[in-house]
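# Working through the structure, step by step
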Amino acid sequence: MDSGAVEPASTGAIWSTPSVEPRSISIGKQIFCNRSLNMRNITAVGFDMDYTLAQYKPETFEALAYHGTIEKLVKDLNYPEELLTWQFDWKYMVRGLVLDKKRGNILKMDRHKYVKVAYHGFREMSKEEKVAAYGSTLIRDSFDEPDYALIDTLFSLGEAYLFAQLVDFMDSNPAKVPSGTDYALMYRDVRSAVDLCHRDGTLKRMVAKEPSRYINEDLAIVPMLQMLRKSGRSTFLVTNSLWDYTDVVMNYLCGPHMSDVSSSHNQKWLEYFDVVITGSSKPSFFHDDNRTGLFEVEPDSGKLLNADLQENWKPKFKSTSAKTNSQSLPGRQCWSSSQTTFCCF
């Protein structure tokens, strides 16, 4: 697998900032777009962590999430134990699919919302079945919630695959699923099981123990962040992951890659960001009315402390610490709420 390492450019600079040595990027790491963006007016650049800076390995991470979800279905939601023997094909599903919760179907549509391909579980539906369910080119459904679910993230691929397996299982063994279960309820059970895995820390405890097993090493992250900061722009990180997990993952991505992560844990990665926001509960974080009270967080211990902040405090994206009326810690200021942790550097 491509490590994402960057090499000296031989055919011209990909990164053209004068203060940074020109570098080239492999074709698999390049980004292509239909519109250009003038960076002259951009003063701050922000990143998510999960599946943005941290690229998870689907063959291990998605399999971990898949098997964790099945365990929750069996132990907490009364599904039969034979599900525990199921296996996950991480190459089968792709983003851009739509799940029909009521009918147990998985759809591939074009940009006009015309159903091009449809599967019931893992069985491909005929043209006649598609037309009967979803109409002709003139009469079509809106394909919106609550009856449909869009598979638009890599996190969703495992649950889509499991949903297809459960559809086939229920069709063949209706007596083996919990009484009163239909396709829509079965989808809700899958979603509930996924949420349970995230809430009790099942997935992230495993990743934190061995990051290299679940996260791709990317040697281009630190040079990229350094380039942005040297250009005079501020950088910030906004993630829904909590502080302890964020610290482990970012230390792995930006710090020395050794077999024993704890031995090299020094939080050096914090130097690459002006502001770090963990446990942000996006997307509600971006709506001021939905934010809760802030507390100061001590990065080394993770302890939360009361913070005397201005009522309408917002981080100022500058190379120095954000100005608040709280007592500054040496070189860093950190805040947290029940949903949100702020670390300003």
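Refer to the structure presented above.
In this text, all values refer to a predicted model and were calculated from it rather than measured experimentally.

### With respect to the overall build of the protein
Of regular secondary structure, the protein possesses eight helices and 14 strands. Taking all 345 residues of the protein together, 43% fall into the buried category. Counted over contacts in the protein with a minimum sequence separation of 6, partners at least 24 positions apart contribute 67%. Accessible surface, the protein: about 19100 Å² in total, of which carbon and sulfur atoms supply 51%.

### Examining the side chain of Q165
Mapped onto the elements, Q165 comes out in helix α3 (residues 157-172). Dropping the residues within four chain positions of it, Q165 is found in contact with Y66, W86, Q87 and F122.

### What to know about the nonpolar core
One finds I215, L237, M250, L253, W269 and F273 to be the most contacted residues of the largest nonpolar core, which totals 33 residues. Looking at this core, the elements that each hand over two or more residues are β3 (44-47), α1 (58-77), α5 (202-209), α7 (221-230) and α8 (243-254). In terms of residues, this core owes the most to one element, α8, which gives seven residues. The residue makeup of this core includes at least three contributed by each of domain 1 (36-54 + 217-306) and domain 2 (58-209).

### With respect to the pattern of salt bridges
Inspection of the entire model under this criterion finds ten salt bridges. A salt bridge links K102 to D147; the shortest N-O distance between them is 3.9 Å. Remark: D147 occurs in the loop between α2 (127-134) and β8 (148-151) and K102 occurs in the loop between β4 (97-100) and β5 (105-109); sequence separation between them is 45 residues. Linked through salt bridges whose partners overlap, the residues forming this network are E159, R191 and D195.

### What about helix α4 (residues 183-199)?
Its 17 residues give α4 an end-to-end C-alpha distance of 24 Å, which sits within 8% of 24 Å, the value for a rise of 1.5 Å per residue. When we look at burial in α4, the residues that qualify are Y183, A184, M186, Y187, D189, V190, A193, V194 and C197. The inward-facing, buried residues of α4 contact α1, β4, β6 (115-120), β8, α3 and α5. The opening residue of α4, the one whose side-chain oxygen lies 3.3 Å from the backbone nitrogen of A184, is D182. In the segment just after α4, G201 is the residue with positive phi, at about 75 degrees.

### Some details on the packing of α1 against α4
Where α1 meets α4, the axes come as close as 8 Å, and the angle between the chain directions of the two elements is 105 degrees. With respect to α4, the axis of α1 lies roughly perpendicular. Counting all contacts with α1, which are made through G68, T69, K72, L73, D76 and L77, the residues of α4 involved are D189, V190, S192, A193, V194, L196 and C197. Looking at the contact of α1 with α4 residue by residue, the classes come out as seven nonpolar, three polar and three charged.

### Considering the pairing of β3
Only one face of β3 is buried, namely the one carrying V45 and F47, since none of A44 and G46 on the opposite face is buried. Bridge analysis of β3 against strand β9 (residues 234-238) gives four bridges, and the strand direction is parallel. Residue A44 lies in a different strand from β9, and its bridge partner there is S234.

### As for the side chain of E62
Here E62 lies in helix α1. Here the side chain of E62 touches Y51 through a polar contact of 2.3 Å, side chain to side chain. Other than its neighbours up to four places away in sequence, E62 contacts Y51, K57, F88, L154, F155 and G158.

### Quick look at the packing of α1 against α5
Relative to each other, α1 and α5 sit at 145 degrees, their axes nearing to 10 Å. Two packed elements cross with a definite hand, and for α1 against α5 that hand is right-handed. Residues F61, L64, A65 and K72 of α1 form the contact with α5, whose own contacting residues are T202, L203, M206 and V207. For the contact of α1 with α5, the class distribution of residues is six nonpolar, one polar and one charged.

Cut-offs applied
Residues numbered from 1 in each chain as written. Predicted model: local features only at pLDDT ≥ 70, side-chain atom pairs only at ≥ 80, totals over all residues. Heavy atoms only, no water. Helix = DSSP H or I, 4+ residues; strand = E, 2+ residues; numbered from the N terminus. Buried < 20%, exposed > 50% of the residue type's maximum accessible area, 1.4 Å probe, protein only. Contact = heavy atoms within 4.5 Å. Areas by Shrake-Rupley, 256 points an atom, 1.4 Å probe, with all protein chains shown as cover. Core = buried A, V, L, I, M, F, W, Y, C linked by side-chain atoms within 4.5 Å. Domains from an automatic or database assignment. Salt bridge = Lys/Arg side-chain N within 4 Å of Asp/Glu carboxyl O. Expected span 1.5 Å × (residues − 1). Polar contact = N/O pair within 3.5 Å; in protein donor to acceptor, adjacent residues only side chain to side chain. Axes fitted to C-alpha atoms, helices over the stretch in contact; angles between N-to-C directions. Parallel < 35°, antiparallel > 145°, perpendicular 65-115°, else oblique. Nonpolar A, V, L, I, M, F, W, Y, C, P; charged D, E, K, R; others polar. Pairing = 2+ DSSP bridges. Left-handed = near helix turned anticlockwise from the far one by under 90°.

On their own, these measurements won't tell you what the molecule is for.
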